[in-house]
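# Summary of the model geometry
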Amino acid sequence: MSSGGLELPPGDAGHEGDSADVPPGAVSLARPVEMTSHIGPELDWSTEAWSEVRTRAQRAGRAYIWLNLVEQRLRAVVAAVLMPVYEPVHGDDWVVAAAGPAGQEWVQRAVAVREVSRRKGYLLDPADDNVLSFLTLPQLRELMVQHWPCFEPYFDERREVELALDELEVTRNVVSRNRALNEAVLAQAERASARLLEILGSGAGVPSADRLPVDAVEDLVGDRYADVVSVHPDRVRLQRQLPAEDLFGGARRLDAVGIGLNLLVQNFSGRRLVRLAEAGARVRLLFLNPASSAIKRRERELGIRKGELGRAVEMNILHMRRVRSRLRDPGAFEIHVFDETPRFTAYLVDGDGPDGLAVVQSYLRRARGMEAPVLVLRGGRPSVVRSGQEGEHGLFQTYREEFESVWSDSRPVS
């Protein structure tokens, strides 16, 4: 007998499926369906499905970081401009007052969400215990548009701000609902975010930011990989992303060490080097001595004719000497040779400042420099500090110290 006064049917096999034996008023209970073998394969994901999911997650993650940066910056701008106007009269309710009658619905919804978050302990940082922290990007935009006369002294083009926010709205809706984000929309969102952060005065720029701008994802999680910005299978793919003009153009300081320094000598014109040096840049170039035994060993490794590599290096040195001879201050353009076994080639641009960049390649036994993998390193990155550990410098500093060591043992070229 059940708790409701109904009689349950017997559960033995003899009564299974026999309705005639069920007493009147009894309730029939469905038996659990046994798991069959065909369910497993239907629930499994194929390799292609997993690949698609990971791609979606990667794109959504990148987009979320950009959107988060924009939202935090816009929130700070709105607070800085509107709080001094409304807080003296309305106190903690200044956001409600700023929203006005047109924004009562969404601002009251933000107030309610804040109260729920308070009760459930979702507010982990006391700095977030305010209504402004619960406004979405469109609502922050609405506050900005409603009070544009207050913002106008700080921003030249209202239309440019609104266009950038319009471009972000598609991405925001897709990411907030965990839907698929295609590559074109992600690229548009990244461009719009970068432009908007620049308009809002993010303060992230460095003197040579145009050389290789700091990506938002790199800026937040790049310390997982020390100071490595990117890795390329060979120099050809490197130059697609970072042409020699972008790498060396506008440099204040250039230190380079390698066998023949072809990335610089063959891809950056002598006239550009002269202008660079005349503008105040200091250049130090370290070539492998073309008459050394290390050159001969390298020729044997690469399987090229005897003397071929030595002549190529000598031609590069002669070209750099001609560049130096055209300078008013030849001391700003130093050329040295070393006789040690070459272990790597490195180009360190502005290595003494916070915006330094380095391109590094290790020498492989059977591969020319054009074919060797390339690391791009960013100098000036804050030390990686993990719990219980001291700060550590990245690879940039390691190669810079190695350059100085080889330079101290090298000989000048007259």
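Residues numbered from 1 in each chain as written. Predicted model: local features only at pLDDT ≥ 70, side-chain atom pairs only at ≥ 80, totals over all residues. Heavy atoms only, no water.

## Focus: the overall build of the protein chain
What the protein chain contains, in helices and strands, is 16 helices and eight strands. Looking at the protein chain residue by residue over its 414 residues, the buried ones come to 38%. Residue pairs at least 24 apart in sequence account for 69% of intrachain contacts in the protein chain once pairs closer than 6 positions are excluded. Within the structure as shown, the protein chain displays about 24000 Å² of accessible surface, and the carbon and sulfur contribution to it stands at 51%. (Helix = DSSP H or I, 4+ residues; strand = E, 2+ residues; numbered from the N terminus. Buried < 20%, exposed > 50% of the residue type's maximum accessible area, 1.4 Å probe, protein only. Contact = heavy atoms within 4.5 Å. Areas by Shrake-Rupley, 256 points an atom, 1.4 Å probe, with all protein chains shown as cover.)

## A few points about the packing of aromatic side chains
Tallying each qualifying case throughout the model produces seven aromatic pairs. Taking the centre distance of 4.9 Å and the plane angle of 75° together, the rings of Trp 45 and Trp 50 count as edge-to-face. Put simply, the rings of Trp 148, Phe 151 and Phe 155 pair up and form one aromatic cluster. For the cation-ring pair, Arg 284 lies above Trp 407, with the distance from its terminal atom to the ring centre recorded as 5.2 Å. (Phe/Tyr/Trp six-rings, centres within 6.5 Å; stacked < 30°, edge-to-face > 60°. Lys NZ or Arg CZ within 6 Å of the ring centre and 35° of its normal.)

## A closer look at the pairing of strand S7 (residues 374-378)
Each regular strand shows side chains that alternate between the opposite faces of the sheet. Counting buried positions along S7 gives four out of five residues, so the element sits mostly inside the fold. Relative to S7, strand S1 (residues 228-232) runs antiparallel, the two sharing four bridges. Opposite Val 228, over in S7, you have Leu 377 as the bridge partner. Where strand S6 (residues 357-362) and S7 come together, four bridges link them in antiparallel fashion. Paired with Leu 357 across the bridge in S7 is Arg 378. (Pairing = 2+ DSSP bridges.)

## A short note on helix H2 (residues 47-90)
Taking the largest bend as the criterion, H2 deviates by roughly 55°, centred on Met 83, and proline Pro 84 comes between one and four positions later. At the C-terminal side of H2, Gly 91 shows a positive phi close to 60°. (Bend = angle between axes of the 7 residues up to and from the residue.)

## Let's talk about the sheet that holds S6
Overall, mixed pairing links the eight strands, which are arranged S1-S7-S6-S5-S2-S3-S4-S8 in an open sheet. Strands at the two margins of the open sheet, each flanked by one partner only, are S1 and strand S8 (411-412). Summarising the sheet, strand S4 (residues 333-338) and S8 pair through two bridges and their orientation is antiparallel. Opposite His 336, over in S8, you have Pro 412 as the bridge partner.

## Regarding the side chain of Ser 292
Locating Ser 292 in the fold gives a position in the loop between strand S3 (282-288) and helix H14 (293-302). For Ser 292, the side chain forms a polar contact with the main-chain oxygen of Asn 289, separated by 2.8 Å. (Polar contact = N/O pair within 3.5 Å; in protein donor to acceptor, adjacent residues only side chain to side chain.)

## A few points about the confidence of the model for the protein chain
In this model, the protein chain carries an average pLDDT of 84, and 81% of its residues clear a pLDDT of 70 or more. Long-range and interchain partners of residues 13-17, a stretch whose pLDDT sits below 50, account for three contacts in this model, where long-range means more than four residues apart. Scored below 50 in pLDDT, residues 383-391 makes nine contacts in the model with residues more than four places away or belonging to other chains. (pLDDT = per-residue confidence, 0-100.)

## Structural notes on the pattern of salt bridges
A side chain of one charge can pair with a side chain of the opposite charge when the charged atoms of the two come close. Inspection of every chain in the model, using the stated rule, returns 25 salt bridges. Between Asp 255 and Arg 253 there is a salt bridge, with the nearest N and O atoms lying 3.4 Å from each other. With relative accessibility at 7%, the residue Asp 255 sits in the buried group. A salt bridge links Arg 411 to Asp 339; the nearest nitrogen and oxygen atoms lie 2.5 Å apart. With Arg 411 in strand S8 and Asp 339 in the loop between S4 and strand S5 (344-349), the pair connects residues that are 72 residues apart, well separated along the chain. Using a relative accessible area of 40% as the deciding quantity, one classes Arg 411 as partly exposed. Each of Arg 114, Glu 115, Arg 118 and Asp 129 takes part in salt bridges that share partners, so that together they form one network. (Salt bridge = Lys/Arg side-chain N within 4 Å of Asp/Glu carboxyl O.)

## Considering the packing of H2 against helix H5 (residues 137-146)
Packing of H2 against H5 leaves a shortest axis separation of 10 Å and a crossing angle of 30°. With respect to H5, the axis of H2 lies roughly parallel. The element H2 and its partner H5 pack so that their crossing is left-handed. Residue-level contacts link Leu 67, Val 70, Glu 71, Leu 74, Arg 75, Val 78 and Leu 82 of H2 to Leu 137, Leu 140, Arg 141, Leu 143 and Met 144 of H5. (Axes fitted to C-alpha atoms, helices over the stretch in contact; angles between N-to-C directions. Parallel < 35°, antiparallel > 145°, perpendicular 65-115°, else oblique. Left-handed = near helix turned anticlockwise from the far one by under 90°.)

## Looking at the pairing of S3
Of all the seven residues making up S3, six are buried; the element is thus mostly covered by neighbouring parts of the structure. Pairing of strand S2 (residues 253-258) with S3 involves six bridges; the strand directions are parallel. The residue bridging Leu 254 from the neighbouring strand is Val 283, located in S3. Two elements, S3 and S4, share six bridges in a ladder whose sense is parallel. Of the residues in S4, the one forming a bridge with Leu 286 is His 336.

## Description of the side chain of Arg 75
Tracing the sequence through the fold places Arg 75 in helix H2. Arg 75 sits in the buried class, given a relative accessible area of 15%. A distance of 3.1 Å separates a polar side-chain atom of Arg 75 from the backbone oxygen of Leu 132. Excluding anything up to four places from it in sequence, Arg 75 contacts Leu 132, Ser 133, Leu 135 and Leu 140.

## A word on the nonpolar core
If you look at the biggest cluster of nonpolar residues, it comprises 56 residues, and the most contacted ones within it are Phe 248, Leu 285, Phe 287, Met 320 and Phe 333. In this structure Phe 333 touches Leu 273, Ala 277, Val 283, Leu 285, Met 320, Val 323, Arg 324 and Leu 327, once residues within four positions along its chain are discounted. (Core = buried A, V, L, I, M, F, W, Y, C linked by side-chain atoms within 4.5 Å.)

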